[in-house]
Amino acid sequence: PSLHLRYDQTANWVHRAAVTTSIARPRLSDLNPRREVDDFDEIITGGNTDLDPAKAINFDLGTEYYFNQAGVATLGFFYKRITDPIYTGRSVIN
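Residues numbered from 1 in each chain as written. Predicted model: local features only at pLDDT ≥ 70, side-chain atom pairs only at ≥ 80, totals over all residues. Heavy atoms only, no water.

Student: Which parts of the structure should I look at to understand the overall build of the chain?
Tutor: The helix and strand inventory of the chain stands at one helix and six strands. In the chain, the succession of α and β elements from N to C terminus is β-β-α-β-β-β-β. For the chain, buried positions account for 13% of its 94 residues. Put simply, 50% of the contacts in the chain that link residues at least 6 apart link residues at least 24 apart. Surface exposure of the chain reaches about 8200 Å², of which carbon and sulfur atoms provide 57%. (Helix = DSSP H or I, 4+ residues; strand = E, 2+ residues; numbered from the N terminus. Buried < 20%, exposed > 50% of the residue type's maximum accessible area, 1.4 Å probe, protein only. Contact = heavy atoms within 4.5 Å. Areas by Shrake-Rupley, 256 points an atom, 1.4 Å probe, with all protein chains shown as cover.)

Here it is, written out as structure tokens:
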């Protein structure tokens, strides 16, 4: 579900606001066990079958000014609130 609002202050100046929801499902490879082979050993890793889809609520605000000849100036702000993130850390490569 989403809600989008638009307000035309003048013919050249437009304000916009939006609240939307989104969902991101885990990849199949994150759920299933897999086999990884390198030069020295073989590793079987288990997937995490308890992963839930990540859900987000997005808030967007913006204003746009359209110049008479050509061009546009925009200013925007967004905020995203994510629940049940699939990844919570950063990977470090040595």
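Student: Can you help me understand the packing of aromatic side chains in this one?
Tutor: Aromatic rings considered in pairs are described by the distance between their centres and by the relative angle of their planes. Within this structure, the stated rule accounts for two aromatic pairs. For the ring pair tyrosine 65 and phenylalanine 67, a centre distance of 5.2 Å and an interplane angle of 75 degrees mean the geometry is edge-to-face. Exposure remark for tyrosine 65: the relative accessible area of 33% places this residue in the partly exposed category. For phenylalanine 67, a relative accessible area of 44% puts it in the partly exposed group. (Phe/Tyr/Trp six-rings, centres within 6.5 Å; stacked < 30°, edge-to-face > 60°.)

Student: Which parts of the structure should I look at to understand the side chain of asparagine 58?
Tutor: The topology assignment puts asparagine 58 in strand S5 (residues 54–66). Overall, the relative accessible area of 9% leaves asparagine 58 in the buried class. Within the structure, the side chain of asparagine 58 is placed 3.4 Å from the side chain of lysine 80, a separation counted as a polar contact. (Polar contact = N/O pair within 3.5 Å; in protein donor to acceptor, adjacent residues only side chain to side chain.)

Student: For this particular structure, what's the right way to read a nonpolar patch on the surface?
Tutor: A cluster of nonpolar side chains, contributed by Leu3, Leu5, Val19, Ile57, Phe59, Leu61, Phe77 and Tyr79, occupies part of the molecular surface with about 760 Å² of accessible area. Secondary structure elements with two or more residues in the nonpolar patch: strand S1 (2–8), S5 and strand S6 (72–83). Ranked by residues supplied to the nonpolar patch, first place goes to S5 with three residues. The topology assignment puts isoleucine 57 in strand S5. (Patch = residues over 30% accessible without salt bridge, like charges linked within 9 Å, V, L, I, M, F, W, Y side chains within 5 Å. Salt bridge = Lys/Arg side-chain N within 4 Å of Asp/Glu carboxyl O.)

Interpretation note: all reported values are geometric properties and have no functional meaning in isolation.
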